[in-house]
Structure formats: C-alpha cells, structure tokens
Amino acid sequence: MKYWIVFLLVYCFLLTFHFSYAQPKTEFRGVWVATVDNIDWPSRGNYNTESQKAEYIKLLDMHQRNGINAVIVQVRPATDAFYPSPYEPWSEWLTGKQGLPPAPYYDPLQFMIEQAHKRGMEFHAWCNPYRAEFAIGKSSIAPTHITKIHPEWFLPYGGVRLFDPGNKDAQQYVVRVIRDIVSRYDIDAIHFDDYFYPYRIAGKEFPDDASYQKYGNGLNKEDWRRSNTDSIILMISKAIKEEKKYCRFGISPFGVWRNADRDSLGSNTKAGQTNYDDLYADILLWLKEGWIDYVAPQLYWEFEHAHAPFGPLLDWWSKHTYGRHCYIGLGIFKAGSNASWRDKDELPRQIRELRNMPNIEGMIYFSSKTFERNPNGWNDSLQNNYYKYPALIPAMDWIDSSVIAKPDITVTRGFTNGTGITISIQNKEPVKKIKAFIVYGFNPADSVRNKLNPQNIIKIIPANNGTSQYQVPSSIALKQLAVSSIDFENNESDLNFLEPLYPKDRPQAKSPPY
C-alpha cells in the first residue's frame, strides 16, 4: 500500500509541474472592450472625463491582475470616433450626443493607448468598417456625419444604416479613416470584427441592386459581393503597412467559414449562416494572400453544441491558418446561459484544448464587462492557474524577425528598503524602439537556465524611453538574475546575466552556491 501512496504523490507532483510549465511563454491573452451601446466602456450615462478615465483604469487593472496582455478597444463603433477625427464626429456613447466633444477635453484614444502600454499591454484599435447608424431614427446623428453628406453611399437593412460595400467612393472613404488612425496613434494593430455584409434576415434581401448593376462587371452577385469585401481588406492592409510597417491587421470573423456540405474545405458544422456564403467574407483568401496578420474566429459555442461544437471548429481553424496567427475568440459572456456554461470547467477546458492545438497562438475574450462579476470563479482560475505566469505576445516573423541587442545593466546598493538593490536597465539597441525589459530569476544550482519557461519570468517592465529601474525584492535576491529587451514587434534579445546580487554585508543569510 505504501508504494501506491508514494507513486500517487510522485504522480501528482509531476502532473502539477507539467501543468504549470505547460503554460506557454508566448501567448496572446486579449479581451474585447466594446463601446457600442456602452456595452463595456464607458458605462451608460458616464459623460464625465475624470470618471471615464477612472473607469478605464479600473478596467485595465482588473485585466492586468487576470494576466491579460492585450486589449482590443472599439474606437469606431458606428462611423463615429473615440478620438478627434478629421472625418467623423465624436461618438454619442462617449458624450451622450454625437459630435459633442468631451468636457473637460481629452483624447480618449491617446489616453487609452498610454494606459495600456504603461501596464505592458498591447492596444488594438477595433473599428467597425460598415456600420453607420446603429438604430435608424433613434441614434444621435450629427449634421457633419457622413450619412448626411453622402446619403447615396448608404443602405438601410434591419433597422441599421450601413455603407454600401459595393460603392467605390465609400470604400475609399473607409480606407482614409483607417489610414488616419494608423498615422497619428501609437496603436499595435487595427482590428475588424465580423460585420462585413450584414447577417441575413429571413425573407429580406440586402438592397444593393443599383450598385450591382453599376459595378457588377459580369460577376454573379455572390462573387461580386465577396470581391467588394476582398477589395476593402486589401486596400486597408496596404494602407496600414504604408503608414507603419509594424502595425498589424487582425480580423475577428464569425466562427464558421463554410459548412462542409457546401464545400469540402469547410468545417463539419451546420451553421445557419457562414462567413463565405452570407457575410461574403472569404477569410481563408485573406490568410493565404497575407493580407491580414491574425485571425480571431469567434468560437462562442460549447463543446456539446449541436450545430457548431467548439472542439471540431478549434481543430478546423488550427489547420487553416496559412502561416498567420490564430487567436480563438472565447465567449465568457455566455457564463450561466445553459447547462454547459454553468459548468465551471467549460472555459478552462477550452483553454486547455486550444493550448494543445498546433498553430493556435492565444485567445481573446468577449467581453470585458463579464469579468467584473467573476463568473464561475474564472477570474480566480486565470490568476491562480492558467495565467499564473506572465506571457509575452507572440512575434510575427513575416513582419520582422531581426535580432535586437541585449540591454545594459547597472546595479546599485543602499539598504533603505527591501534588499536595497536597484537594477538600472538601459536600452542598447541602436535602431529599434524597445517596448519592455524582462527580468528573469533562475535557481543558481540549475545547470540549464531556460528562458522559455515562464516560471522564470519575475517581471515585465515597460521601457520608459529606453530606461527603467527595478527594485529587487528580498524574495528573489538569491536567484541568478538576468534581463532581456523586447521590441514593439515582440522580438526578444539574448539575456544579460547579472553578477550575483547577494549582499556580502548581510551575514544572516546563507550565501547561494554560485
């Protein structure tokens, strides 16, 4: 019997060690922050500048505690702006009335970017390409809104006013708006969601016959619509890279590209609508051609879903990334909605499954607000288990894979607090801008000091103009410390190892075996 007990203890230890190490060092851990209709931020009726700032900081701090390393914030929800735009009016969800600037004045987008970067998070600017009037007759519409200036560019459908995707002037306008954001703001990516052509309404056809007659050029209507979506994606992709080579372009499509009964390349699903056949979004083409840098399919279904189960769709997307990054959209908002989503293991199981899939580089949660109630204790699960250790954003080698210089390190001592040891870190990369420094702590007895193990990461420190300081806590003073640099393309330098920090004038502590 005692042998079985020993075996069980050893097995549990190994399982625990394996699981903790199974957390990847590089993983995209994002969360969507929806501003349309005040879903996530700012809260409805909160039009006070300082209150909005405080609310956003609280939101970021919550996600930082949970281990999130990127926020995808909606800055253009309905052909309006959460920033001063030369093309579009201030959003009604920011100030209560479209076109009314915030008072006291501030630039919300600039503020949100700075606060995210201050916490070591990426900021992806989420834009809706085609929605212009959220609720016809109910939305606040400024006299300067583009629907007033060029009403011929727009079509009503299902109570929403949308750009006509086939209108060439409208396409060029949207490209100019995106180019403006990329050129003026230090964003990490432009992000589009799933709203291209609208989701079908039974018995109601999208009224784009006039554009088809004008621009159809002999294509059948289905192919023509897809070509319109292809065209704007390609134009925006080019505009982004022309403005900033390193700014990424990501798309978060509906979770089903096409059902297998329509296409042998499709997934084993029975989705009522699909990207290819209904939204006219050929995501696979954009991936194959390299027009987008990442895809984030919205897999908001449970494992047991009858028509679009999570497992088969996860497997399908992992096989259709075409060398680009794939981050899985997870539906935490569905917590408690049915028996599956009342199961405390539903979301953790999804995380485990996607981590075991090749070509899946992370996940994004919809949406921020849900985390405020810690559904099924999932905040705790992330903090204490799945995101216990920090993760770096995966690098995209097709954008940049250059080797960067490791930082310079200076150690100063003075026993005013803690260990009295301060590490001053200085960027020595001569060309590229540095985003952060990573402090590692290794067991001095280890013969192999593995920087791939996230357990060895002590802290990720934002690089303030290339210089940062780190106060070494007493809990890690006996470790072998090392520091690396990471650039804005998420390339990491080699490690610069520090000399042993053990303070010789503290005889009460035992000297480590260096």
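Above: the structure in question.
Small disclaimer: the values here were computed from a predicted structure and weren't measured. (Residues numbered from 1 in each chain as written. Predicted model: local features only at pLDDT ≥ 70, side-chain atom pairs only at ≥ 80, totals over all residues. Heavy atoms only, no water.)

Q: I tried to follow the pattern of salt bridges on my own but got confused; where do I start?
A: Once the charged atoms of two side chains with opposite charge are near each other, the side chains can pair. This structure, assessed with the given rule, holds 33 salt bridges. In this structure, Arg 44 engages Asp 37 in a salt bridge whose closest nitrogen and oxygen atoms are separated by 3.4 Å. One salt bridge connects Lys 319 with Asp 315, and the closest N-O pair in it is separated by 3.0 Å. The exposure class of Lys 319 is exposed, given its relative accessible area of 57%. Via salt bridges that share partners, Glu 205, Asp 208, Asp 209, Lys 221 and Arg 225 belong to a single interconnected network. (Salt bridge = Lys/Arg side-chain N within 4 Å of Asp/Glu carboxyl O. Buried < 20%, exposed > 50% of the residue type's maximum accessible area, 1.4 Å probe, protein only.)

Q: It is not clear to me how the environment of Asp 282 should be interpreted in this structure. Could you clarify?
A: Mapped onto the secondary structure, Asp 282 falls in the loop between helix H9 (275–279) and helix H10 (283–289). The exposure class of Asp 282 is buried, given its relative accessible area of 14%. Expressed as a C-alpha distance, the spacing of Asp 282 and Trp 257, which sit 25 residues apart in the sequence, is 7.5 Å. In this structure, Asp 282 is in contact with Asp 230, Trp 257 and Tyr 276, ignoring residues within four places of it in sequence. (Helix = DSSP H or I, 4+ residues; strand = E, 2+ residues; numbered from the N terminus. Contact = heavy atoms within 4.5 Å.)

Q: What exactly am I supposed to notice about the sheet that holds strand E5 (residues 154–157) here?
A: Strand pairs in the sheet, formed through backbone hydrogen bonds, run parallel or antiparallel to each other. Ordered by their spatial adjacency, three strands build an open sheet running E4-E6-E5, and the pairing between neighbours is antiparallel. Where the open sheet ends on each side, the last strands, each with one partner, are strand E4 (131–133) and E5. Within the sheet, the average angular offset between the axes of one strand and its neighbour, ignoring direction, is 40°. As judged from the four bridges shared by E5 and strand E6 (residues 160–163), these two strands associate in the antiparallel manner. When the sheet's bridge partners are listed, Pro 156 is paired in E6 with Arg 161. (Pairing = 2+ DSSP bridges. Axes fitted to C-alpha atoms, helices over the stretch in contact; angles between N-to-C directions.)

Q: Is there a simple way to think about the sheet that holds strand E13 (residues 408–413) in this case?
A: With respect to topology, three strands assemble into an open sheet ordered E13-E14-E17, the strand pairing being antiparallel. In this open sheet, the two strands that pair with only one neighbour each are E13 and strand E17 (467–471). Strand-to-strand twist of the sheet, defined as the mean angle between neighbouring strand axes without regard to direction, takes the value 20°.

Q: Explain helix H13 (residues 346–355) here, please?
A: Since one α-helical turn is 3.6 residues long, residues separated by three or four positions face the same way. Within H13, the full set of buried residues consists of Glu 346, Leu 347, Pro 348, Gln 350, Ile 351 and Leu 354. Residues of H13 that are buried in the fold lie against helix H11 (310–318), strand E11 (325–330), helix H12 (339–342), strand E12 (362–365) and helix H14 (378–386).

Q: Help me understand the packing of helix H6 (residues 168–184) against helix H8 (residues 221–243), please; the structure alone is not making it clear to me.
A: The relative placement of two packed helices is expressed as an angle between their axes plus a distance between the axes. It is the contact of H6 with H8, at a shortest axis distance of 9 Å, that shows an interaxial angle of 30°. For the element pair H6 / H8, the angle class is roughly parallel. Where H6 crosses over H8, the handedness of that crossing is right-handed. Contact with H6, carried on its side by Lys 168, Gln 171, Gln 172, Val 174, Val 175, Ile 178, Arg 179, Val 182 and Ser 183, involves Asn 228, Ser 231, Ile 232, Met 235, Ile 236, Ala 239, Ile 240, Glu 242 and Glu 243 of H8 and no other residues of that element. Taken together, the residues of the contact of H6 with H8 break down into nine nonpolar, five polar and four charged. (Parallel < 35°, antiparallel > 145°, perpendicular 65-115°, else oblique. Left-handed = near helix turned anticlockwise from the far one by under 90°. Nonpolar A, V, L, I, M, F, W, Y, C, P; charged D, E, K, R; others polar.)

Q: Looking at this structure, I do not really get the side chain of Glu 27. What am I missing?
A: Assignment of secondary structure puts Glu 27 in the loop between helix H1 (2–21) and strand E1 (28–33). Within polar-contact distance, the side chain of Glu 27 engages the side chain of Arg 355 at 2.9 Å. If sequence neighbours within four positions are ignored, Glu 27 has contacts with Asn 69, Arg 355, Glu 361, Gly 362, Met 363, Tyr 387, Ala 391, Leu 392, Ile 393 and Pro 394. (Polar contact = N/O pair within 3.5 Å; in protein donor to acceptor, adjacent residues only side chain to side chain.)

Q: Before we go on, may I ask you to explain the packing of H13 against H14 in this structure?
A: Contact geometry for H13 and H14: axes closest at 10 Å, N-to-C directions at 40°. Here H14 runs oblique to H13, going by the angle between their axes. From H13, Leu 347, Pro 348, Ile 351, Arg 352 and Arg 355 reach across to H14, where they touch Trp 378, Leu 382 and Tyr 386. Within the contact of H13 with H14, the residues separate by chemical class into six nonpolar, no polar and two charged.

Q: Any chance you could explain the nonpolar core here in plain terms?
A: Soluble globular proteins tend to pack their nonpolar side chains together in the buried interior. Grouped together as the largest cluster of nonpolar side chains are 97 residues, with contacts concentrated most on Phe 123, Ile 190 and Tyr 365. In terms of residue count, H6 provides more of this core than any other element does, eight residues in total. If near-sequence neighbours (up to four positions away) are discounted, Tyr 365 is found in contact with Gly 30, Val 31, Trp 32, Ile 68, Leu 330, Ile 332, Leu 347, Ile 351, Phe 371, Leu 382 and Tyr 387. (Core = buried A, V, L, I, M, F, W, Y, C linked by side-chain atoms within 4.5 Å.)

Q: What am I meant to see in the packing of aromatic side chains here?
A: Any two aromatic rings considered together are summarised by their centre-to-centre distance and by the angle between their planes. Applying the stated criterion to the full structure yields 36 aromatic pairs. Arranged with centres 5.7 Å apart and planes meeting at 55°, the rings of Trp 153 and Tyr 173 form a pair that is tilted. Here Trp 153 is found in the loop between helix H5 (146–149) and E5, whereas its partner Tyr 173 is found in helix H6, with 20 residues between them in sequence. When its relative accessible area of 3% is taken as the criterion, Tyr 173 is described as buried. When the ring of Phe 154 is compared with that of Phe 163, the centres are 4.5 Å apart and the planes differ by 45°; the resulting orientation is tilted. In this structure, Phe 154 and Phe 163 share a single accessibility class: buried. Directly above the ring of Tyr 276 sits Arg 226, whose terminal nitrogen or CZ lies 4.0 Å from the centroid. (Phe/Tyr/Trp six-rings, centres within 6.5 Å; stacked < 30°, edge-to-face > 60°. Lys NZ or Arg CZ within 6 Å of the ring centre and 35° of its normal.)

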